[in-house]
Amino acid sequence: MKAAIFDLDGTILNSMGMWRRLEQNFLTGLGIEPSDWIFRRMDTLGLHGSAGWLIGEFHLDKKEQELWDFCDRLALDAYLKTVSPKRGVERVLRGLRAHGIGTSLATLTAHKLVDPVLEAKGISPLLDHILTVEDVGGVKKDRPDLFLKAAALLGAAPEETTPSSRASGSTDMENMDVPAEATPKGRMAQAPTIMPSETDAPPPAFPARLPKKMYMAQQNPAPSAKATPTGSRLPENS
């Protein structure tokens, strides 16, 4: 492995639970009573994509840009005040850097949210590159463009690169899962997994100088099947 590419929400930051709360605050701030059918529609459209639908459905006397700006203010406030890096993330990033493995962030979330949050959480200096879909013309993560650009910036071929997201499109990259904090080990996905552990040492195939309490299983990669794209329920600005 020559390079590692990380997603933001649920990988670098423990922020997945933030988004439903954000949707609730977004709706109530617009004077709309949250309900499951609205959430289902918003999950399909994304927060930014929901703006026009909400204006039409609830006859809001607002412009889409106003809703986008309101959404971004809520998201930045929530990121800064309620979200922290996932346990062990800094150790992992420092360990990779110590062994000459380049690192990049690749996310849907816009730079105006990502950049101040990563700076505030002390993560920016540990990443070689921070990329969002804005850097590839808005192409989403079900296409490989974002991951291929990150790999190119790190000077790595796709087969030398490990993304922590299974949304890497049709690339030759070997994926890694970063499970949620509460995921029992017995229920981990089949993809190789990188996560901190209080008891596991790194396997022999990985450089021995990495932190002893980090578990990184990649010595038995799955057959060379293409990565299966997965959707994201993050907002369209992300």
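Below is a summary of the structure that appears in this document. Owing to the predicted nature of the structure, the values given are computational and were not obtained by experimental measurement.

1. So, the overall build of the protein chain
In terms of regular secondary structure, the protein chain is built from 7 helices and 6 strands. The order of α-helices and β-strands along the protein chain, N terminus first, is β-α-α-α-α-α-β-α-β-α-β-β-β. A total of 238 residues make up the protein chain; the buried ones form 48% of that total. The long-range share in the protein chain, meaning contacts at least 24 apart out of those at least 6 apart in sequence, stands at 63%. Split by element, the accessible area of the protein chain, about 11,400 Å² in all, is 52% carbon and sulfur.

2. Overview of the nonpolar core
Core analysis: the biggest nonpolar cluster contains 41 residues, and I12, F26, L54 and Y79 have the highest contact counts within it. Looking at this core, the elements that each hand over two or more residues are β1 (3-6), α1 (18-29), α2 (36-45), α3 (50-57), α4 (64-82), α5 (89-98) and α6 (111-120). Sorting elements by how many residues they give to this core places α4 first, with 6 residues. In this structure, L54 is in contact with F26, L27, L30, I32, I38, H59, L60 and L67, ignoring residues within four places of it in sequence.

3. Topic: the environment of G46
The topology assignment puts G46 in the loop between α2 and α3. Note on G46: relative accessible area 4%, which makes it buried. Taking the C-alpha atoms as reference points, G46 and E23, 23 residues apart in sequence, are found 9.9 Å from one another.

4. Regarding unusual backbone geometry
The phi torsion of most residues other than glycine is negative, and most of the peptide bonds are trans. Backbone geometry places H59, a non-glycine residue, at a positive phi of 50°. Following the sequence through the fold, H59 ends up in the loop between α3 and α4. A residue is classified by how much of its surface remains accessible, and H59, at 69% relative accessible area, is exposed.

5. Some words on the pattern of salt bridges
Proximity of charged atoms lets side chains of opposite charge pair with each other. According to the stated counting rule, one finds 5 salt bridges in the structure shown. Here D43 and R20 are joined by a salt bridge, their closest N and O atoms 3.2 Å apart. Of this pair, D43 sits in helix α2 while R20 sits in helix α1; the two residues are 23 residues apart in sequence, bridging distant segments of the chain. The class for D43 is partly exposed, based on a relative accessible area of 31%.

6. Details of the packing of aromatic side chains
Within the structure shown, the criterion is met by 5 aromatic pairs. Between the aromatic rings of W37 and F58, the centroid separation amounts to 6.2 Å while the plane-to-plane angle is 35°, which identifies the pairing as tilted. In this pair, W37 sits in helix α2 while F58 sits in the loop between α3 and α4, placing the two residues 21 residues apart along the sequence. The class for W37 is partly exposed, based on a relative accessible area of 41%. For F58, a relative accessible area of 27% gives the class partly exposed. Geometry around F39 places R20 over its ring, the cationic atom sitting 4.3 Å from the centre.

7. Describing the side chain of T103
For T103, the position within the fold is in strand β2 (residues 102-107). On the basis of relative accessible area, T103 is assigned to the buried category, the value being 1%. A polar contact is formed between the side chain of T103 and the backbone oxygen of L126, at a distance of 3.2 Å.

8. Overview of α5
Buried within α5 we find V89, V92, L93, G95 and L96. Along the long axis of α5, the arc covered by the buried residues comes to 160°, so they all point the same way. Just beyond α5, the residue with positive phi is G100, at close to 75°.

9. Concerning α1
In a regular helix each residue adds 1.5 Å, so 12 residues correspond to 16 Å; α1 covers 16 Å between its end C-alpha atoms and thus fits that length. Looking at α1, one finds that the buried residues are M18, W19, L22, E23, F26 and L27. One side of α1 carries all its buried residues, which in axial view fall inside an arc of 165°. Packing partners of the buried residues in α1 comprise α2, α3 and α4. Immediately downstream of α1, the backbone of G31 shows phi near 80°, a positive value.

Rules used throughout
- Along each chain, residue indices are assigned from 1 in the same order as the chain's sequence is written.
- Per-residue local features of the predicted model are confined to residues with pLDDT of at least 70, and side-chain atom pairs are confined, for both listing and counting, to 80 or more; whole-chain, interface and lining totals are unaffected and use all residues.
- The basis for the side-chain values is all heavy atoms of the structure; hydrogens and waters are excluded.
- Secondary structure is summarised from DSSP: a helix means a run of H or I of at least four residues, a strand means a run of E of at least two, and numbering begins at the N terminus for each.
- Exposure categories follow from relative accessible area, calculated using a 1.4 Å probe and restricted to protein chains: below 20% of the type maximum is buried, above 50% is exposed, and the middle band is partly exposed.
- Any two residues whose heavy atoms approach within 4.5 Å at even a single point are treated as in contact.
- Accessible surface area values rest on a Shrake-Rupley calculation with a 1.4 Å probe, where residue burial reflects the displayed protein chains alone.
- Here, the term nonpolar core denotes a set of buried Ala, Val, Leu, Ile, Met, Phe, Trp, Tyr and Cys residues that are joined through side-chain atoms within 4.5 Å.
- Between Lys or Arg on one side and Asp or Glu on the other, a salt bridge is scored when a side-chain nitrogen of the former is within 4 Å of a carboxyl oxygen of the latter.
- Any two of the Phe, Tyr and Trp rings considered here, Trp counted by its six-membered ring, make a pair once their centres fall within 6.5 Å; the pair's planes then place it as stacked at under 30 degrees, edge-to-face at over 60, or tilted in between.
- By definition here, charges over rings are those cases where NZ of Lys or CZ of Arg is within 6 Å of the ring centre and within 35 degrees of the ring normal.
- Nitrogen and oxygen atoms within 3.5 Å of one another constitute a polar contact, given that in protein one can donate a hydrogen and the other can accept it, and given that sequence-neighbouring residues count only through two side-chain atoms.
- As used here, the arc belongs to the directions running from the helix axis to the C-beta atoms.
- What a helix is expected to span follows from its residue count: subtract one and scale by 1.5 Å.

That's the geometry; what it means functionally is another story.
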